[in-house]
Every structure is written in C-alpha cells, then in structure tokens.
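# Overview (structure and organization)
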Amino acid sequence: MIVDTLSQLVRAALHGAASDGVLRLDDVPGIDFERPKRKDHGDFATNIALVVARGTGKPRDVAQALIERLPASDVVDAVEVAGPGFMNFRLSAAWLHDVVRRAAQHSSDFGRHSVGVGTKVNLEFVSANPTGPLNVVSGRHAAVGDAMARLLEAVGYGVTREFYVNDAGRQVEIFARSVEFHYLKRHGVDVAWPEDGYRGDYVAELAETIARESGDRFVDMSDDERLQALAAVALDKELSGIRSTLERFGTHFDVWFSERQLHANNSIKQAVETLEAKDLIEQREGAKWFRSSEFGDDKDRVVVRSNGTPTYTASDVAYILDKVARGFDQLIYLWGADHHGTVPRLMAAAEALGIGRERVKVLLVQIVSLSSGAETLKGSKRAGVYVLLDDLIAEVGVDAARYTFLTRSIDAPLDFDIALAKEQAPENPVFYVQYAHARISSILRRADEQGIGVDAASAPLGLLTHPSEDDLMRKLVTYEEVVLEAAEALAPQRITRFVEELASTFSAFYRDCQVLTEDAELSHARAVLCVATRRVIADGLALLGVSSPERM
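A few points on the structure. (Residues numbered from 1 in each chain as written. Predicted model: local features only at pLDDT ≥ 70, side-chain atom pairs only at ≥ 80, totals over all residues. Heavy atoms only, no water.)

### Description of the overall build of the chain
Counting secondary structure elements, the chain contains 20 helices and 15 strands. For the C-alpha atoms alone, the extent of the chain along its principal axes is close to 85 × 60 × 40 Å. A burial count over the chain gives 52% of its 552 residues as buried. Sequence separation of at least 24 residues holds for 72% of the intrachain contacts in the chain that already meet a minimum separation of 6. If you sum the accessible surface of the chain, you get close to 25000 Å²; carbon and sulfur atoms cover 46% of it. Averaging the positions of the 62 positive and the 82 negative side-chain charges in the chain gives two centres separated by 1 Å. (Helix = DSSP H or I, 4+ residues; strand = E, 2+ residues; numbered from the N terminus. Buried < 20%, exposed > 50% of the residue type's maximum accessible area, 1.4 Å probe, protein only. Contact = heavy atoms within 4.5 Å. Areas by Shrake-Rupley, 256 points an atom, 1.4 Å probe, with all protein chains shown as cover. Lys, Arg positive; Asp, Glu negative; His and termini not counted. Charge placed at Lys NZ, Arg CZ, Asp CG, Glu CD.)

Shown next as structure tokens:
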C-alpha cells in the first residue's frame, strides 16, 4: 500500500538525519499521512518534521533535511516543504500507471487487505423483536451491518453475521396476548384487550391467518397452553416474514440465535453462577444483583428478580459468554440509539467476566425519518403507525434504499427523501454513481465493436497526460486507503462518498477526453483507464451491497 511505502522512505530519512547529527532521535514516532484538500499540495502530506522538530523552532529546516535524505524511489515524483513544515509528496506517473493496471485486472487484489486475517468477528445486527414486520429503522440497521461485514471481509477478517432473535420476555408475551385477543374474538370469545397491546392491522391479519389455518383448536386449551401455542405460531410466522424481507433486501445472516435457547440450555443460570463464583453477586430483598458499578456501570443491575425470573441483563451476560465460547475474537453489536443505557452494563459484564472491553464494540444507530411531501412519517409497532421496509423497497427499490441508508454516519439521524431516491437525475447519488458505471460499460462495448484492445499490461499509459486523466488516476490511487480506513472505522459512508467523488472525476474526464479516437494507442490507454474506473466503482458498490448495472 502506498502509505506504507511512503512511511518506509520517511523512516529511512529520519535514521539518516539522526546519523548525520542533524536530528536527535531517541525513538521513531508514528508517521501519519493525510490527503491534502488542495491538488497543488500533492497526493499525500505528513507532519513528521513538525513532530520531531518540537522545541527546535526549525521544523521547515528539519523537513528539508529529511527530503534531502529520502532514498531514491520510482514511487515519488517530487517532495516539497509546505507551510510550517509539512512534507508534501507527489506520486510518480509510473506509480499511477501501476495502480491503473492493477485496478483494471480482475485477477488482482486491488482494494483488498490482510490486516484482519486470522481474526474472527461476530457482528450482530438488526435483531428486531419478531413481533411485527421490519420497519425502515431496521432497514438502516440491515444495510449498515451488512456493509460493515463486507468491509471487514475485504480487509481479511472472518465475519459471522448474526441475528439475535428476541423470542422471550415481556414484549413477546404482550404480542402473543394481542394475537390471542383477535384469535378468540374471531371465534366468538370475548376477552379483555391486553395492557400495552400491539395495535395495527398486521396483528389482526396474523390472528386471522392462524384461525384460518388452525381452526379453533387453540380455543379450548388452558390459558397458559393457548398463550404458549399462539406465541410459537405467531413468532414463527413473523420471523419467517423478517427472513424473507431481509433476503429481498440483500442482507443474509449466518446465524439466527434464539434467546429462548439461553433459557432452555441453562446458559442464563450458568452465567449467573459464573458471576457468583467471582463474588460479584449479592442478595438484596430476595433478588440477585450484579455489582456492575464496580466495572464502570452507573449502578448495580438485577440479574434474577425476587420471583426467580432472570432479567435482560442476565440474558446479555449469557449471550456474550456464548459468543466467546464459540471462538470469536471480536464482538460487534449494532443497536438502536434507544439502547444507549444498556451499553455500560454490557461493557461491565465483559470486564467482569475477563473478556476485556477491547474485544467488545457497541455501535448505536440513530433513527430514520421518511419525508413524504411536507410530512415526516414516524413508526411504532405497538401503536400500529408503521412504515414497512417492504413498502420502502417497493417504492424506491433495493439499491436506492440501501445506498441512501449508507450515505450518513450512524451517529447522525437520517432523513430519507423518498422523492430524491426515485429520481433518475444527477441529484440522486445512487443514480449518479450507477449511471457512471453504465456509461463506462457502454463505452467499452463500443471499444470492443471497434476492435480497440483493453489489455492493461500492454496499454501505453504514458500517453495519459491530460489533467483530467491525471486527476482520475490519482483518484483511483486513494481507493485502497479508503477501503482500509472505512473498515477500521466501521464507516461504510466513506465508500459512498468515494464512489460519488470517483463518478464525478470520471465525468470530468469523459467531458474533456474523448475515449475512442482515431489514435489507436491513445484509445487503448483511455479504454484501460475506463476499465479500471468501472471496476473500482463496481467494487465500491458491491461493498455497499448495491448493484452495478451495465445499461440504464
């Protein structure tokens, strides 16, 4: 990777300056590079001279001394001192050409890294209660979690995508009682509406389906038997619907982990016993409390109520122990913003259990609002005011939905503009990027018809001297850095930003440089640059789970 190469050159210059007595250097500090915002400042810049010259008052002199001691390299065309002591590097044409060739070859590993090889990651996301169809907020979770998994895999991590099925607890009981109400009403039995019951047509429709398929066989059961039986059927149907929606959305899971499993195999009981063995549980008024405040939580947490039933905290402890037992090195949780209060207790459990906070990362995804004209729609399963992910997919399509969900950091609320997502115009980012890919595909089809070669190895890339050609090549260079940075930061929005910028840079190239000309060699070179650009756009979109159409 180019930054590693530049770091090696600077490191050698630092040692040379120290050997010559120009610089006192006890330890070589970390060498950081950034991409300058201004084109005339080169391709990469480092502040290393400012770092090592602290106290001397002469960072520009140090920067010049380092430049004079940089080893010869065919990667760098020029280096200059800028500002108070920055070193600005401009890459050589030979390096740019090498990048274009690698990017154009499908057999190359361009945009891939190996930093995560050997590390197993469990990425748990969506994990919506199976008490109704998925809404648009879950859609954002699905798009973000899947894109994060793709990015982690792109840099070498082994990723297991996991959906935690919340099929136990109070919300499931309330949902089952809501279905029971409609089911019994269908059979002429009057019962009271459950407190905090789930409203909405989907609950009544689900009960109607169960009544149609199962008849009255649940009516004469005891209350407990009927509730358990209806809960099992209703949860199974809702979970089946969730699976279908996610598959339609292009989000696949390796593991569907049932919370009931933790109850059935005594994992929760064993988790509490593990805490007891560490002397971290104490009895208070008949309940068992985890002394989580000793590990950074804002207060201690009940794990077993006075009536003997375990709490969600106990389930969380059992679940994290199960993940570690399955051999995962890193645990990533993608939760809704309303779960912020749960984070301290999970991290406290990780530390108390000896798992280590550094192995656990909890990311909170902010809400989604949909714009429909001047009205903002909000959803609630229980109130029955509900914006389905299926409906959004039907309205704007999978690609537009996924891409839009990935345009902003999860730390910020997302305003999803349905009208914009449906536009076939440059103002719509996903259309703009996909159209660039389709346009390049059209150019390459015409190149093939005209017998213009696209072999990267033999392309005379030295003919690419126009400023717009240079800009496009230099933009391609940054892709490998962007992929690594996006993966390490778990920030797929950096990929959407990159592909939009790349599409814009290609548009300028297309405007300024005719690809297919009477000059066969120049046409060959420009066609290969098109191949490289198309492949990078397609790869970036693939990391987002978005398609790359060849015709639009």
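And the narrative resumes.
### Some remarks on the pairing of strand β12 (residues 360–365)
Bridging between strand β11 (residues 330–336) and β12 involves 6 bridges; their strand directions are parallel. Residue pairing across strands places W335 opposite L364, the latter belonging to β12. One crossover worth recording links β11 to the parallel β12 by way of helix α12 (residues 343–352), and it is right-handed. (Pairing = 2+ DSSP bridges. Right-handed = clockwise from strand over helix to strand, strands pointing away.)

### Regarding the layout of surface pockets
Looking at the second largest pocket, its volume works out to about 630 Å³. Surrounding the second largest pocket, 23 residues form its lining, R35, P36, K475, T478 and E501 being those nearest its centre. For the lining of the second largest pocket, the secondary structure elements donating two or more residues are β4 (86–91), α17 (467–477), α18 (479–489) and α19 (493–512). Examining the composition of the lining of the second largest pocket, we find that 5 residues originate from one element, α19, more than from any other. (1 Å grid on protein atoms, 1.4 Å probe; cavity = no way out; pocket = protein on both sides within 12 Å on 5 of 7 lines; lining within 4 Å. Points joined across faces, edges and corners; volume = space filled by probe spheres on them.)

### Considering unusual backbone geometry
Trans peptide bonds make up the majority, and among non-glycine residues the majority have a negative phi. Even without a glycine there, the phi angle at D196 is positive, about 60°. With respect to the helices, strands and loops of the structure, D196 is situated in the loop between α6 (170–186) and α7 (201–214). We classify D196 as partly exposed; its relative accessible area is 40%. Although it is not a glycine, D279 sits at a positive phi angle of roughly 60°. By relative accessible area, D279 is classed as exposed at 53%.

### A closer look at the side chain of S267
Residue position: S267 is located in helix α10 (residues 267–277). Accessibility expressed as a relative area gives 15% for S267, which makes it buried. Contacts of S267, omitting those with residues within four sequence positions, involve L262 and A318.

### Focus: the packing of helix α4 (residues 93–104) against α17
Running from amino to carboxyl end, α4 crosses α17 at an angle of 65°, the nearest separation of the two axes being 9 Å. In terms of orientation, α4 lies roughly perpendicular with respect to α17. By crossing handedness, the relation of α4 to α17 is classed as left-handed. Every residue of α17 that contacts α4 at W95, L96, H97, V99 and V100 is listed here: D470, M473, R474, L476 and V477. Counted by class, the contact of α4 with α17 contains 7 nonpolar, 1 polar and 2 charged residues. (Axes fitted to C-alpha atoms, helices over the stretch in contact; angles between N-to-C directions. Parallel < 35°, antiparallel > 145°, perpendicular 65-115°, else oblique. Left-handed = near helix turned anticlockwise from the far one by under 90°. Nonpolar A, V, L, I, M, F, W, Y, C, P; charged D, E, K, R; others polar.)

### So, the sheet that holds β4
The strand order across the open sheet built from 4 strands is β1-β2-β4-β3, with neighbouring strands paired in antiparallel fashion. At either margin of the open sheet sits one strand with a lone partner, and together these are β1 (33–34) and β3 (76–82).

### Some thoughts on the environment of L23
Note that L23 resides in the loop between α1 (2–19) and β1. For L23, a relative accessible area of 8% puts it in the buried group. Distance in space between the C-alpha atoms of L23 and V477 is 32 Å, their sequence separation being 454 residues. Setting aside its immediate chain neighbours within four residues, L23 contacts L14, A17, A18, V52 and V62.

### Quick word on the environment of A325
Looking at the secondary structure, you find A325 in helix α11 (residues 312–325). Judged by relative accessible area, which is 69%, A325 ranks as exposed. Between the C-alpha atom of A325 and that of K422, which follows or precedes it by 97 residues, the distance is 46 Å.

### What to know about helix α3 (residues 59–68)
Where α3 is concerned, the buried positions are P59, V62, A63, A65, L66 and I67. Tucked inside the fold, the buried residues of α3 contact α1, α2 (48–52), β3 and β4.

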